[in-house]
Amino acid sequence: MSKPEYDPYDLDIKLQDKINLAPASERDSIEQEALDVTTVRSFNFTNVKKTNIRGKKLKIWSIENFDFSYSYTQTNHHNPIALEDNLDVYKGGLGYNFVGTPKYWEPFKKIIKSKSPWYALFKEFNLNPVPAVITFRGDVVRQFGVYQARNVGGGKYEIPETFNKFFTINRTYILRWDITKSLNLDFSALNKSWVDEDSGKLDKAQKKQMWNNFWKGGRTIQYNQTANFTYTVPMNKIPALDWTTMRVGYGSSYQWTGASTLATTFGNAIQNTQKKHL
């Protein structure tokens, strides 16, 4: 909080002198209008999860893979220009992260008894059913701000409020998988959504519609994904070519951007790329 020495509306008069000269019924309001006051209240907890204190091997469904975060910040401000300048920000996040240990299945290892290097390509064929990393995260941000300018010297007329608000949902997906000892997959995606709502303060019916839009996952406004495959050709399993190495890679990306609700006739925008290397 700051209190000016001079009155913010009559800059050649000291504030305390103006207060002293004013009628008793107006002194408090004169002082309050001159103050610049900001109050911030906040509450948060981050990355709340069950800790694996026993060091046990986690399963895909283990509760220890989940984490939760939440925060709330309220900012109230008023000064000689702003009658009301309030902002409420809510943030919530749910995360899931699984890190697996490869379990390579080699079906022909016990069937093929020969030690000939010419059979190594078939004998060491393998598959891994356990992904290396599975990650999902959902983050929700709700902001609601109200601003009302002070009607300085304009009588009892109140200037209408203006609103600064949005409601967003972001979802992140990551998958990394060593399908075999030679074949690897790396996939990631980000989905950004907007929860539509009516303008201004919402009445009961409008709030219900907003929450219906939220539980539907919002309206996707942007989606990005990338996928990369790499394959190390097992040249070392072929005796005649075991002195060579070969690595093959393929990558792709896809981007989708939704049209503005004010210009749906222009359609959505799509962009994609691909790359190959040997």
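See above for the structure.
Starting from 1, residues in each chain are numbered consecutively following that chain's sequence as written. Per-residue local features are limited, in this predicted model, to residues with pLDDT of at least 70; the limit for side-chain atom pairs, both in listing and counting, is 80 or more; totals at the level of whole chains, interfaces and linings are taken over all residues. No hydrogens and no water enter the side-chain calculation; it runs on all heavy atoms of the structure.

Description of the environment of L94
- Relative to the helices and strands, L94 resides in strand β3 (residues 82-99).
- Note on exposure labels: buried denotes an accessible area under 20% of the residue type's maximum, exposed denotes more than 50%, and partly exposed covers the range between, all computed with a 1.4 Å probe on protein chains only. With relative accessibility at 42%, the residue L94 sits in the partly exposed group.
- Along the primary structure L94 and F163 are separated by 69 residues, whereas in three dimensions their C-alpha atoms are 28 Å apart.
- Here, two residues are considered to be in contact whenever any of their heavy atoms come within 4.5 Å of each other. When sequence neighbours within four positions are dropped, the list of residues in contact with L94 reads D67, F136, R137 and G138. Numbering goes from the N terminus for both helices and strands, where a helix is a DSSP run of H or I of at least four residues and a strand is a run of E of at least two.

Looking at the sheet that holds strand β4 (residues 133-149)
- Spatial strand order, β1-β2-β3-β4-β5-β6-β7-β8-β9: nine strands in an open sheet with antiparallel pairing. The sheet is open, and its two edges are formed by β1 (37-48) and β9 (269-277), each paired on a single side. Between one strand and the next, the sheet's axes are offset by a mean angle of 5 degrees, whatever the strand orientation.
- Where strand β8 (residues 246-257) and β9 come together, nine bridges link them in antiparallel fashion. Among the inter-strand pairings, W256 is bridged to a residue of β9, identified as I270.
- Here an angle of 0 to 180 degrees is reported between the N-to-C directions of two axes, which are lines fitted to C-alpha atoms, with helices fitted over the stretch in contact. Where helix α4 (residues 204-215) meets the sheet, its contacts fall on β4 and β5 (162-178), and the angle it forms with β5 comes to roughly 15 degrees. Being paired, for any two strands, means DSSP has found at least two bridges between them.

Some thoughts on the packing of aromatic side chains
- A pair of Phe, Tyr and Trp rings is counted when the ring centres sit within 6.5 Å of each other, with Trp represented by its six-membered ring. The angle between the planes then sorts it: under 30 degrees is stacked, over 60 is edge-to-face, the rest tilted. Enumeration over the complete set of coordinates arrives at 15 aromatic pairs.
- Ring geometry for F167 against W211: centres 5.6 Å apart, planes inclined by 85 degrees, an arrangement best described as edge-to-face. Here F167, found in strand β5, pairs with W211, found in helix α4; they are 44 residues apart in sequence, far enough to count as distant.
- Its relative accessible area of 2% is what places F167 among the buried residues.
- Site record: aromatic cluster; members linked through ring pairs are F43, F45, F68 and Y70.
- In this analysis the charged atom, NZ for Lys or CZ for Arg, is taken to sit over a ring once it is within 6 Å of the ring centre and within 35 degrees of the ring normal. The lysine or arginine in question, K181, covers the ring of Y104, its NZ or CZ lying 5.3 Å from the ring centre.

As for the pairing of β5
- Here β4 pairs with β5 via 15 bridges, running antiparallel. Residue pairing in the sheet places I134 in a bridge with L175 of β5.
- When β5 meets strand β6 (residues 183-194), the two strands line up antiparallel, connected through 11 bridges. When the sheet's bridge partners are listed, I169 is paired in β6 with S193.
- Hairpin connection of β5 to β6: four residues between the antiparallel strands.

A look at the pairing of strand β2 (residues 66-78)
- The pairing of β1 with β2 spans 10 bridges and is classified as antiparallel. If you follow F45 over to β2, its bridge partner there is Y70.
- Here β2 runs beside β3; their pairing, made up of 12 bridges, is antiparallel. Bridging across to β3, D67 finds its partner in G95.
- Counting the residues that bridge the hairpin from β2 to β3 gives three residues.

Examining α4
- With 12 residues, α4 should reach 16 Å at 1.5 Å per residue; the first-to-last C-alpha distance of 17 Å fits that figure.
- Residues of α4 that are buried include every one of M210, N213 and F214, and no others. Angularly, the buried residues of α4 cover 105 degrees about the axis, an arc narrow enough to put them on a single face. With respect to the buried face of α4, the exposed residues turned more than 90 degrees away are K204, A205, K208 and W215.
- The secondary structure elements touched by the buried residues of α4 are β4 and β5. Expected helix span is taken as 1.5 Å per residue step, with the number of steps being one fewer than the number of residues. Note that the arc is defined by the directions from the helix axis to the C-beta atoms.

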